[in-house]
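# Structural overview for review
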Amino acid sequence: MKVFVTGGAGYIGSICVEELLNAGHQVTVFDNLSEGHRVAVDERAQFIEGCLSDRETIINAVAADQSEAVMHFAAFAQVGESMTDPSKYFRNNVANAINLLDAAVEAIQKAAHTGRIGDGKIFISTIDDAIRIRTGERGGEAI
Ligand SMILES: NC(=O)c1ccc[n+]([C@@H]2O[C@H](COP(=O)([O-])OP(=O)(O)OC[C@H]3O[C@@H](n4cnc5c(N)ncnc54)[C@H](O)[C@@H]3O)[C@@H](O)[C@H]2O)c1
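Residues numbered from 1 in each chain as written. Predicted model: local features only at pLDDT ≥ 70, side-chain atom pairs only at ≥ 80, totals over all residues. Heavy atoms only, no water.

## So, the overall build of the protein chain
Of regular secondary structure, the protein chain possesses four helices and seven strands. When the elements of the protein chain are put in sequence order from the N terminus, they spell out β-α-β-β-α-β-α-α-β-β-β. Taken across its 143 residues, the protein chain has 36% of its residues classed as buried. Here the analysis covers contacts within the protein chain between residues at least 6 apart in sequence; of these, 48% occur between residues at least 24 apart. (Helix = DSSP H or I, 4+ residues; strand = E, 2+ residues; numbered from the N terminus. Buried < 20%, exposed > 50% of the residue type's maximum accessible area, 1.4 Å probe, protein only. Contact = heavy atoms within 4.5 Å.)

## Some details on the site of the ligand
Near the ligand you find 20 residues, and of these Tyr11, Ile12, Asp31, Glu35 and Asn92 are the closest. Taking Ser34, its main chain carries an N or O atom lying 3.2 Å from an oxygen atom of the ligand. Asn92 places a polar side-chain atom, nitrogen or oxygen, 2.8 Å from a nitrogen atom of the ligand. Bound to the protein, the ligand loses 71% of the 820 Å² it would expose on its own. Here the residues of the shell around the ligand sort into ten nonpolar, eight polar and two charged. (Near = heavy atom within 4 Å. Polar contact = N/O pair within 3.5 Å; in protein donor to acceptor, adjacent residues only side chain to side chain. Areas by Shrake-Rupley, 256 points an atom, 1.4 Å probe, with all protein chains shown as cover. Nonpolar A, V, L, I, M, F, W, Y, C, P; charged D, E, K, R; others polar.)

## Points about the environment of Lys88
Take Lys88: it is sitting in helix H4 (residues 86-113). Relative accessible area serves as the criterion here: at 26%, Lys88 is assigned to the partly exposed category. The residues contacting Lys88, other than those within four sequence positions of it, are Phe76 and Glu81.

## A word on the packing of aromatic side chains
The final tally for this structure, using the stated rule, is two aromatic pairs. The ring centre of Phe76 lies 4.7 Å from the NZ or CZ of Lys88, which sits over that ring. (Phe/Tyr/Trp six-rings, centres within 6.5 Å; stacked < 30°, edge-to-face > 60°. Lys NZ or Arg CZ within 6 Å of the ring centre and 35° of its normal.)

## A closer look at helix H1 (residues 11-22)
Between its first and last C-alpha atoms H1 spans 17 Å; for twelve residues at 1.5 Å apiece the expected length is 16 Å, and the two agree. Those residues of H1 that fall on the buried side of the exposure criterion are Gly13, Ser14, Cys16, Val17, Leu20 and Leu21. Along the axis of H1, the buried positions cluster into a sector of 160°, meaning they face one direction only. On its buried side, H1 packs onto strand S1 (2-6), strand S2 (26-31) and strand S4 (69-72). Positive phi appears at Gly24, one or two residues downstream of H1, with a value of about 95°. (Expected span 1.5 Å × (residues − 1). Arc of directions from axis to C-beta.)

## A word on the sheet that holds S1
Paired through backbone hydrogen bonds, the strands of a sheet run either parallel or antiparallel to each other. Here we have four strands laid out as an open sheet, ordered S3-S2-S1-S4, and parallel in their pairing. In the strand order of this sheet, the two ends are held by strand S3 (46-49) and S4, each with one partner. Strand-to-strand twist across the sheet, computed as the mean angle between neighbouring axes with direction ignored, equals 20°. Across four bridges, the pairing between S1 and S4 is parallel. Bridge pairing links Val3 to Ala69 in S4. Running over the sheet, helix H2 (residues 55-65) touches S1, S2 and S3 and is turned about 160° from S1. (Pairing = 2+ DSSP bridges. Axes fitted to C-alpha atoms, helices over the stretch in contact; angles between N-to-C directions.)

## Side note on the confidence of the model for the protein chain
Summarising the model, the protein chain shows a mean pLDDT of 86, and 78% of its residues fall at 70 or more. With pLDDT under 50 throughout, residues 133-143 is counted as low confidence; its partners more than four residues away or in other chains account for 24 contacts. (pLDDT = per-residue confidence, 0-100.)

## Observations concerning the environment of Asn32
Relative to the helices and strands, Asn32 is located in the loop between S2 and S3. C-alpha separation for the pair Asn32 and Gly50, spaced 18 residues apart in sequence, amounts to 4.7 Å. Not counting chain neighbours up to four residues away, the residues in contact with Asn32 comprise Glu49, Gly50 and Cys51. A polar contact is formed between the side chain of Asn32 and the side chain of Ser34, at a distance of 2.8 Å.

As C-alpha cells, then:
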C-alpha cells in the first residue's frame, strides 16, 4: 500500500514510517521540520518539505502522490504549552488539519472522476462524516 504520512519527521511519525516501510509499504512523508528532523526520516521514504497551513501545497502534494491512505501526525504536542498558548494549537492542530482533510477529499474526487478508483460516483456529506465511494466491486466501502 502507498501511505502519505504527515509529521513523519517527528517522534511518533518517524517510527510509524519505519514500521510501514519494514512491512513493505511505500511511504511519502510530509513535514515542515518545525519540530522534526530530516535525518529522522527513513531513507527509503520519499520526503516533501511543506506546511499544512499552505493549502495549495498540501492539496497538490496529496493529489500528486496518489496514496491509498493518509496517516496524520503533524501537530504540536506539548501539553503544557497547549494550555498557555491554546490558539497556537488550535491553528496548527485543528485548522491546518482541515486543510489535510480537504486535500484528501479533493484527491479522492479527482481519482474517482478520472476513473482511477470507483465508478465515478462519490458521496461526501460533512467533513465529520465518513466518505463513501460506491464501486461495482467494493460496493459501499467506507474509507
Ligand atoms: N509523543 C507522544 O508520546 C504522543 C503520545 C500520544 C499522541 N501523540 C500525538 O502524536 C502526534 C505527534 O506527536 P510527536 O510526539 O511525534 O510530536 P513531534 O513534534 O515529535 O512531531 C510532530 C511532527 O509534525 C511536524 N509538523 C508540525 N506541524 C506541522 C505542519 N503544520 N505542517 C507540517 N508538519 C508539521 C513537525 O515538524 C514534527 O516533525 C501529536 O498529535 C501528538 O499529540 C504523541
